[in-house]
Amino acid sequence: MRVLVIEDEVRLAATLQDLLELSGYAADVRHDGETGLDDALTGIYDVILLDVMLPKLDGFTVLRRLREAGNAVPVLMLTARSEVADKVEGLDRGADYYLTKPFDPKELLACVRALTRRQPELRNPEALEFGGVRLDKSSFTLSCGQRSVRLSRKEFDICELLMLNRNLVLTKESLLVKIWGYESDAEDNNVEVYISFLRKKLAHIHAKVRIRTIRMVGYCLEEDG
């Protein structure tokens, strides 16, 4: 899962990124509201951590424009302003939760987990299942019946995306951005290599699902007919 942190305090932003990545999330950081809004509008993020006091565009404006564009990604607002009026404004503009600085890292992670669980496909935080195949989030294992295999981090992230979007086509471009991030040098063949790895592991556990290639477009996880 990918989180966008929009926070102009460089040290705090780096700390949040480290905290999220140590907890198993992929995290990108932007230090101003204008750039943060551009990234948020791509729709590739599962949660956004949004500071209120930002250069170029303040957090309230970022949130308003995000919601006006029809983007319903969960947003956790972060601010040093504790006035009730500020919290009310943020919530009225579409924020899902509000944390006042300084906050406990454990509370922030709990909020992120709660926001991701709001999405129907993410209500089970421990595992995903499809077509008799189970993806265990705590052990990075893929299993079917009595057979199981451990996945690398990239294999796990791709498999998770495919299972969350079962029967839907994911383009190579979306996989590159979601898994490797905007600033990576990864190319299409990186996706192809990891898809090949995943196919071999699905075959190893005798899975009754397959990753179908949609020529010139991307991939789709579906049950064997």
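Anything mentioned here points back to the structure above.
Given the structure is predicted, the values throughout are model-derived calculations rather than measurements. (Residues numbered from 1 in each chain as written. Predicted model: local features only at pLDDT ≥ 70, side-chain atom pairs only at ≥ 80, totals over all residues. Heavy atoms only, no water.)

Student: Which parts of the structure should I look at to understand helix H2 (residues 33-40)?
Tutor: Structurally, the α-helix is built with 3.6 residues per turn, so residues lying three or four positions apart point the same way. All of the buried residues in H2 are Gly33, Gly36, Leu37, Asp39 and Ala40. Down the axis of H2, the smallest arc covering the buried residues is 165°, so these residues share one side. Its side-chain oxygen at 3.0 Å from the backbone nitrogen of Glu34, Asp32 defines the N-terminal cap of H2. (Buried < 20%, exposed > 50% of the residue type's maximum accessible area, 1.4 Å probe, protein only. Helix = DSSP H or I, 4+ residues; strand = E, 2+ residues; numbered from the N terminus. Arc of directions from axis to C-beta. Polar contact = N/O pair within 3.5 Å; in protein donor to acceptor, adjacent residues only side chain to side chain.)

Student: Whenever I open this one, the sheet that holds strand S1 (residues 2-6) confuses me. Can you help?
Tutor: Backbone-to-backbone hydrogen bonds join strands into a sheet, with any given pair of strands oriented parallel or antiparallel. An order of S2-S1-S3-S4-S5 is seen for the five strands of this open sheet, with the pairing classed as parallel. Bordering the open sheet on either side are strand S2 (26-30) and strand S5 (97-100), each of which pairs with just one other strand. Each neighbouring strand pair of the sheet contributes to a mean axis angle of 20°, computed without reference to strand direction. Taken together, the four bridges between strand S3 (residues 47-51) and strand S4 (residues 75-79) define a ladder with parallel strand orientation. When the sheet's bridge partners are listed, Asp51 is paired in S4 with Leu78. The sheet strands contacting H2 are S1, S2 and S3, and the helix crosses S1 at an angle near 160°. (Pairing = 2+ DSSP bridges. Axes fitted to C-alpha atoms, helices over the stretch in contact; angles between N-to-C directions. Contact = heavy atoms within 4.5 Å.)

Student: Would you take a moment to explain the sheet that holds strand S6 (residues 127-130) for this structure?
Tutor: The antiparallel open sheet is built from four strands, whose spatial order is S6-S7-S8-S9. Of all strands in the sheet, those with a lone pairing partner are S6 and strand S9 (147-150), marking the two edges. Going across the sheet, the axis of each strand differs from the next one's by a mean of 15°, ignoring polarity. Sheet topology note: the strand S8 (residues 141-144)/S9 ladder contains four bridges and is antiparallel. Considered in S9, the bridge of Ser143 is made with Ser148. Contacts from helix H6 (residues 153-164) reach S6, strand S7 (133-136), S8 and S9 within the one sheet, and its direction differs from that of S7 by about 130°. On the sheet, helix H8 (residues 188-204) packs against S7, S8 and S9 and is oriented at approximately 155° with respect to S9.

Student: Can you help me understand the packing of aromatic side chains in this one?
Tutor: Within a pair of aromatic rings, the relevant descriptors are the distance that separates the centres and the angle that separates the planes. All chains considered together, the criterion is met by three aromatic pairs. For the pair Phe140 and Phe156, a centre-to-centre distance of 4.2 Å together with 5° between the ring planes defines the contact as stacked. Of this pair, Phe140 sits in the loop between S7 and S8 while Phe156 sits in helix H6, and the two are 16 residues apart along the sequence. The buried category is assigned to Phe156, whose relative accessible area is 5%. (Phe/Tyr/Trp six-rings, centres within 6.5 Å; stacked < 30°, edge-to-face > 60°.)

Student: I tried to follow the nonpolar core on my own but got confused; where do I start?
Tutor: The tendency in soluble globular proteins is for nonpolar side chains to be buried as a group. By size, the foremost hydrophobic cluster in this structure holds 31 residues, and its most contacted members are Leu135, Leu142, Leu151, Ile158, Leu162 and Ile211. Considering every element that reaches this core, the biggest residue donor is H6, with seven residues. Leaving out residues up to four positions away in the same chain, Ile211 has contacts with Leu162, Ile195, Leu198, Arg199, Leu202, Tyr219, Cys220 and Leu221. (Core = buried A, V, L, I, M, F, W, Y, C linked by side-chain atoms within 4.5 Å.)

Student: Before we go on, may I ask you to explain helix H1 (residues 10-22) in this structure?
Tutor: Taking 1.5 Å of rise per residue, 13 residues should cover 18 Å, and H1 covers 18 Å from first to last C-alpha, within 8% of that figure. Among all positions in H1, only Ala13, Leu16 and Leu20 are buried. Take H1 and look down its axis: the buried residues cluster within an arc of 65°, on one side only. Exposed and facing more than 90 degrees away from the buried side of H1 are Val10, Arg11 and Leu22. Where H1 terminates, the next one or two residues include Gly24, which has phi positive at roughly 95°. (Expected span 1.5 Å × (residues − 1).)

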